[in-house]
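Spelled out, the chains give:
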Amino acid sequence: MTTFPQHNASDEEWTDWRWQMRHRVNDEATLARYIRITDGERHAIKATRGIFRWTITPYYASLMDAYDPQCPVRQHVVPQAPEVEPDIVGVVDPLDEVGHSPVKNLVHNYPDKVAFCVTSECAVYCRYCLRKRMVGDADYMMRKDELRDALGYIRETPAIRDVLLTGGDPLVFSDANIDWLLGELRAIPHVEVVRIGSRLPVVNPMRITPELCAVLQKHHPVWLNTHFNHPKELTPEASGAAARLADAGVPVGNQSVLLAGINDDAATLKALCEGLVGLRVRPYYLYHAQLIGGTAHLRTPIEKGMDLMREIRGHTSGFAVPAYVLDTPDGKVPLTRDYVLGRSGDHVVMRTTRGTLWAEPNPLGDYQPLTSVPEIPMPPEARTVPTGAPTFVHAEAV
Ligand SMILES: *Cc1c(COP(=O)(O)O)cnc(C)c1O
Ligand code: SF4
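Residues numbered from 1 in each chain as written. Chains lettered and ligands numbered in written order. Predicted model: local features only at pLDDT ≥ 70, side-chain atom pairs only at ≥ 80, totals over all residues. Heavy atoms only, no water.

Per the domain assignment, the segments of the protein are domain 1 (3-84) and domain 2 (98-323). Here the C-alpha centre of domain 2 lies 22 Å away from the C-alpha centre of domain 1. Counting residues at the interface gives 31 residues for domain 1 and 37 residues for domain 2. For the pair domain 1 and domain 2, the summed buried area comes to about 2,700 Å², and 62% of that belongs to carbon and sulfur atoms. Summed over the three residues of domain 1 that lose the most area to domain 2, namely Trp17, Phe52 and His76, the buried surface amounts to 30% of that side. In this structure, the connection of domain 1 to domain 2 is made through two salt bridges. Residue Arg24 pairs with Glu121 through a salt bridge whose shortest N-O separation is 3.2 Å. (Domains from an automatic or database assignment. Contact = heavy atoms within 4.5 Å. Buried area = accessible area lost by both parts, 1.4 Å probe. Salt bridge = Lys/Arg side-chain N within 4 Å of Asp/Glu carboxyl O.)

In this section: the nonpolar core. Counting 103 residues, the largest nonpolar core has Leu31, Ile56, Tyr60, Met64, Phe116 and Ile154 as its most contacted members. Each of two domains, domain 1 (3-84) and domain 2 (98-323), supplies a minimum of three residues to this core. The contacts of Leu31, once residues within four sequence positions are left out, are Val25, Ile37, Ile45, Trp54, Ile56, Met64 and Val78. Of all hydrophobic cores here, the second largest spans seven residues; its members include Cys122, Tyr125, Cys129 and Met134. (Core = buried A, V, L, I, M, F, W, Y, C linked by side-chain atoms within 4.5 Å. Buried < 20%, exposed > 50% of the residue type's maximum accessible area, 1.4 Å probe, protein only.)

Burial runs high along strand 6 (residues 193-197): four of the five residues are buried. Relative to strand 6, strand 5 (residues 162-166) is paired through four bridges, and the arrangement is parallel. In the sheet register, Val163 faces strand 6, and the bridge partner there is Val194. Running through helix 8 (residues 175-186), the crossover from strand 5 to the neighbouring parallel element strand 6 is right-handed. As paired elements, strand 6 and strand 7 (residues 222-226) share four bridges and run parallel to each other. What sits directly across from Arg195, in strand 7, is Trp223. (Helix = DSSP H or I, 4+ residues; strand = E, 2+ residues; numbered from the N terminus. Pairing = 2+ DSSP bridges. Right-handed = clockwise from strand over helix to strand, strands pointing away.)

This part takes up the pairing of strand 10 (residues 323-328). Among the six residues in strand 10, five count as buried, and that is most of the element. This β-α-β element, strand 9 (residues 282-288) to helix 13 (residues 302-312) to strand 10, shows right-handed connectivity. In this sheet, strand 11 (residues 331-334) lies alongside strand 10 in antiparallel orientation, the contact comprising four bridges. Following the sheet pairing, Asp327 is matched in strand 11 by Lys332. Between strand 10 and strand 11, which pair antiparallel and follow one another directly, the connecting turn spans two residues.

The next thing to look at is the sheet that holds strand 8 (residues 252-258). One open sheet accounts for nine strands, arranged 3-4-5-6-7-8-9-10-11; its pairing is mixed. Unpaired on one side and paired on the other, strand 3 (106-110) and strand 11 mark the two borders of the sheet. Averaged over neighbouring strand pairs, the angle between their axes works out to 30 degrees when direction is ignored. (Axes fitted to C-alpha atoms, helices over the stretch in contact; angles between N-to-C directions.)

The next subject is the site of ligand 2. In the vicinity of ligand 2, the contacting residues are Cys122, Val124, Tyr125, Cys126, Cys129, Val135, Gly168, Arg199 and His227. Grouping the amino acids of the shell around ligand 2 by side-chain chemistry returns six nonpolar, two polar and one charged. (Near = heavy atom within 4 Å. Nonpolar A, V, L, I, M, F, W, Y, C, P; charged D, E, K, R; others polar.)

Pairing is antiparallel across the open sheet formed by three strands, whose spatial order is 12-13-14. This sheet does not close on itself; its edge strands, each paired only once, are strand 12 (340-344) and strand 14 (357-361). Across the sheet, the axes of successive neighbouring strands diverge by a mean angle of 25 degrees, strand direction being ignored. Here strand 12 pairs with strand 13 (residues 347-351) via four bridges, running antiparallel. Across the sheet, residue Gly342 finds its bridge partner in strand 13, namely Val349.

Here it is as structure tokens:
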């Protein structure tokens, strides 16, 4: 019998997704069994208390490099010192998701599709999370009657043909709850597409049990997008999870976030995309990092992302290439020369798919781009995020 020394777990415990959830690492003493914690990390653990919680499944913790503070897995989930430094452009809700929620946790920004945040709980808390304002926060948990209210809104809105179950992470729900939710959605005639956004195949791959796959299969077509960011995450366990989903007929896609110092080089991104294809997971989006407060150290110039895409497209299988996009309050914008109009000082100006103009605060710094984006005057009608908005506020974490 194998044992896992940091947690003294048996094989049977280690491969049980609920055991992984119950034994998450969220105190310094346990963390110290996995990594040599740096002073910066100790400081950030204290300084982020009550602002943004952290917790790590033992499985994901075991992928961290014990001695390298730059380890990409570690930077994902262990609070980092720059998180608590002032961040002048970072905001709480850059996509105005709250303003687009007709009922609690249901983001209706596109006419035909909704993002339904069925829970605020995740298995780990990614330090750059787009929904940092709400994940891990008890106020954004959904009671059954609140889930029913959101389902009622979808039922009464025939324009909605595509429902994305997200969060938080919907797969922290029990099989019975997932079965119930999918059944309710399937009973609505105008809901054609049901998809799930979940990071559990990456951070707790044990969650993808044959029983869960049987539930998903029952409600087909069910699509699932997961969230791998680095080749280190492509383990035999993750591969098994992806294979079980694919064998159950679930088309699996991947949404990555471009993160400075984690995956912002062509070799890493190419290895990630090709590794995903090997797992039968289709790279779908590469998101430009959002202006979330406390994540300035993870953002890249947009030209850098465009350069990276040029290094990948045409140099690997076409279906290994994701679309590089920026999410805005006016929807996702492909970051290609068709949409990016130019740079106006510290802003990149783009035309959204709705025809509006968006100016993303995005300093070039000393980066020397290969992709030439013309310098243009700021169009007066371009909208942008308000600068000087509060860096970060968060209710007490649960
Ligand atoms: C991204 C997103 C979707 C899904 O968009 P696709 O481009 O169809 O994958 C749906 N709703 C919201 C609010 C989103 O941000
Ligand atoms: S799993 Fe997804 S929703 Fe949860 S913290 Fe990470 S990025 Fe955010």
